[in-house]
Every structure is written in structure tokens, then in C-alpha cells.
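Summary of the model geometry
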Amino acid sequence: MIYSLLLMLGVGALAGVFGAILGIGGGMIITPILTLGMGLDIKYAIGASIIAVIATSSGSTIAYLKDEMLNLRVAMFLEIATTVGAVIGAVLTGLMHPTFLYFLFGALLVFTTYNMIRKLMGKGQDDQDAQADALATKLNLNGTYYDKALKKQVDYQVQNVPGGFIMMFGAGLASGLLGIGSGAFKVLAMDTIMHMPLKPSSATSNLMMGVTAAASAMVYFFNGSIKAGIAAPLAIGILLGALVGTRIMQHLKPRLIRMIFVPVMLYLGLQMIAKGFGVTI
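This text gives an overview of the structure that appears in the document.

About the criteria used
- Residues numbered from 1 in each chain as written.
- Predicted model: local features only at pLDDT ≥ 70, side-chain atom pairs only at ≥ 80, totals over all residues.
- Heavy atoms only, no water.
- Helix = DSSP H or I, 4+ residues; strand = E, 2+ residues; numbered from the N terminus.
- Contact = heavy atoms within 4.5 Å.
- Salt bridge = Lys/Arg side-chain N within 4 Å of Asp/Glu carboxyl O.
- Buried < 20%, exposed > 50% of the residue type's maximum accessible area, 1.4 Å probe, protein only.
- 1 Å grid on protein atoms, 1.4 Å probe; cavity = no way out; pocket = protein on both sides within 12 Å on 5 of 7 lines; lining within 4 Å.
- Points joined across faces, edges and corners; volume = space filled by probe spheres on them.
- Nonpolar A, V, L, I, M, F, W, Y, C, P; charged D, E, K, R; others polar.
- Core = buried A, V, L, I, M, F, W, Y, C linked by side-chain atoms within 4.5 Å.
- Phe/Tyr/Trp six-rings, centres within 6.5 Å; stacked < 30°, edge-to-face > 60°.

Another aspect to go through is the side chain of S60. With respect to the helices and strands, S60 occurs in helix α3 (residues 42-66). Among residues more than four places away in sequence, those in contact with S60 are A20, N206, A242 and T246.

Right, let's get into the pattern of salt bridges. Summed over all chains, the structure comprises 2 salt bridges. One salt bridge connects K199 with D147, and the closest N-O pair in it is separated by 3.0 Å. Taken as a pair, K199 in helix α9 (residues 198-222) and D147 in strand β1 (residues 143-147) lie far apart in primary sequence, 52 residues in all. Per residue, the accessibility class of K199 equals that of D147, and both read buried.

Now for empty space enclosed by the protein. As enumerated under the stated definition, the model contains 1 cavity of 30 Å³ or more in all. Approximately 40 Å³ is the volume attributed to the largest cavity. If you go around the largest cavity, you meet 10 residues; those closest to its centre are L22, M116, V187, L198 and F261. Secondary-structure elements contributing two or more residues to the lining of the largest cavity are α5 (98-121), α8 (183-193) and α11 (254-276). Residues that form the lining of the largest cavity fall into these classes: 8 nonpolar, 1 polar and 1 charged.

Attention shifts here to the nonpolar core. Judged by nonpolar contacts, the single largest core of 74 residues is most densely connected at I30, L34, V158, M190 and L234. With 9 residues, α3 is the largest single contributor of residues to this core. Among all residues touching L234, those that are not within four sequence positions of it are M8, V11, G12, I30, L34 and A48.

Here we come to the environment of S201. Mapped onto the secondary structure, S201 falls in helix α9. For S201, a relative accessible area of 0% translates into the label buried. In sequence terms S201 and N71 are 130 residues apart; their C-alpha atoms lie 8.1 Å from each other. For S201, the contacting residues outside a window of four places in its chain are V187, M190, D191 and M196.

Turning our eyes to something else, we now look at the environment of M194. With respect to the helices, strands and loops of the structure, M194 is situated in the loop between α8 and α9. C-alpha of M194 to C-alpha of Q157: the two residues are 37 residues apart in sequence and 8.7 Å apart in space. M194 has contacts with L78, Q157, V158, Q159, N160, V161, G164 and A189, leaving out every residue within four places of it along the chain.

Evaluation of the coordinates by the stated rule reveals 3 aromatic pairs. With 6.3 Å between their ring centres and 55 degrees between their planes, Y145 and Y156 make a pair best called tilted. Of the two residues, Y145 sits in strand β1 while Y156 sits in strand β2 (residues 152-156), which places them 11 residues apart along the sequence. In this structure, Y145 and Y156 share a single accessibility class: buried. Judged by centre distance (5.4 Å) and plane angle (75 degrees), the rings of F221 and F222 are edge-to-face. Accessibility assignment for this pair places F221 and F222 in one class, exposed.

As C-alpha cells, this is what we get:
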């Protein structure tokens, strides 16, 4: 019993650190570990992951708000699409076979890795000179933050707001189906489609994924997928890990964050796809 609690706390702390740094909420790490490493049924793993995502968001958002790293206006605007998608996804999840969920989860991770590799093969820096579109200017979505790694103030312009909005609906749908907070999709939407720098994209994603997860958590609670003995120690560990992760992230360069992201997500993605086909690697 004590060993299991300590293990859950450790897994949660690890997921909280990585989740806060990468803006993925920890759900992408927790679900594969619980299912592949500990043999837990994927339905209960997803339920625990939903709670974990809310915990990561709560811990990291406080720090990022204090340091003015996240873009609150972008978060609230895009959260409209993710919340609707999350509710629809949570309702549909009970109608889908676990094999499909494994494969979909793995495909999401591999897709995320591919986009990060593309960034690494490029010039390796965020495009901060992009011109804002008319809608972004009208909604006052452009922002600024102080980069502690570069030791300078960074102003950025937001582009392609409609494209980001559509992507966020898909992110919410993935969150409801997989219980992951879909932070990777959210980071990609802001970083790649809307051309926000990676750091505020990650910080803003941490806020948004908590709201998205909360929208679908009630559905998982009433269908019996959330087990307190699993979710509670994970949430405590994640809160502590997220607070540490927010401190670390602000001193890392965007290229290094992507370099951390790629091997972790690729390995977990391939594992989940193989699991969907009944193979353990």
C-alpha cells in the first residue's frame, strides 16, 4: 500500500515537471505509464489522467500568471472551442473500443513528435516578427513576455486566429476521448498555426488544458472511471512537480524544450500504437 502510494506520488511529480515545461499537462505521460507499466485498465487510467491534468494546470498556471508568461486573452478565446470539443469527446468515449483509443493516443504522440522535429530542423527559434492578422488585432490577442533565458523582453504577433480556433476544437475532442488535456495539440496550434513563441504557447496551454479537462471530468466521474485511490496521490505529486517545472521552463531555451519533447513523445507514441495492435515493446 505504502509502496503504491509512493510510486503514484513519484509518477505524478515526474509528469508534473514535464507537463509544466512542455505544456502537455502530464496526461500524455501518466496514461501510458499506468496502462503499459502498471497494467491498469485504460478507462481508469484516463479517469486518473483527467484529474492529473487539472492538477498540473492549477499548479503551473499560478506561477505563469505571476510571471506574466501566459496570454490570458488567447486562452479564454480559444477555450470556447476546446470546451465544446471536450464535452463531445467525453460522451463519445464510452462508445469506442480500447484498441482504437490506444492507436489514436499513439498517433497523436507521433504526430506531435513529427512537428517538433520539423521545428528543430528549421532555424530553431520562434518567429517573433510575424505580422498579426486583423482578427488578432481586433481581439487584442498579441502579447509580450520576459524571457529569462534570453534576458530580454519579447513582443509577439498572433496570426491565423480562425485556423487556431478550429485546431482547438480538435484538441478538445482529443481531450474528452483520451483524458490527456490535449496540451500537445494546443501547443502546436499556438506555436505552429498562430505563430506564438513556444514559451507563452506552453504556459497558455497549461491554463487551457485545466479548463478543458474540468469540462469532461464530471462525465468520467459519473461513469465510474475515476478511482480516488489512484487519482489523489497522482494529483498531489503533480502539483509539486508542476511548481518545480514552471521554474525550470523559464530558464530553458525553446530549442532545448523541443529536444526534450521529441524522444519522450516518440517512445511513448510507438508504445501505445504497438499496444493497440496487441504488442508490448
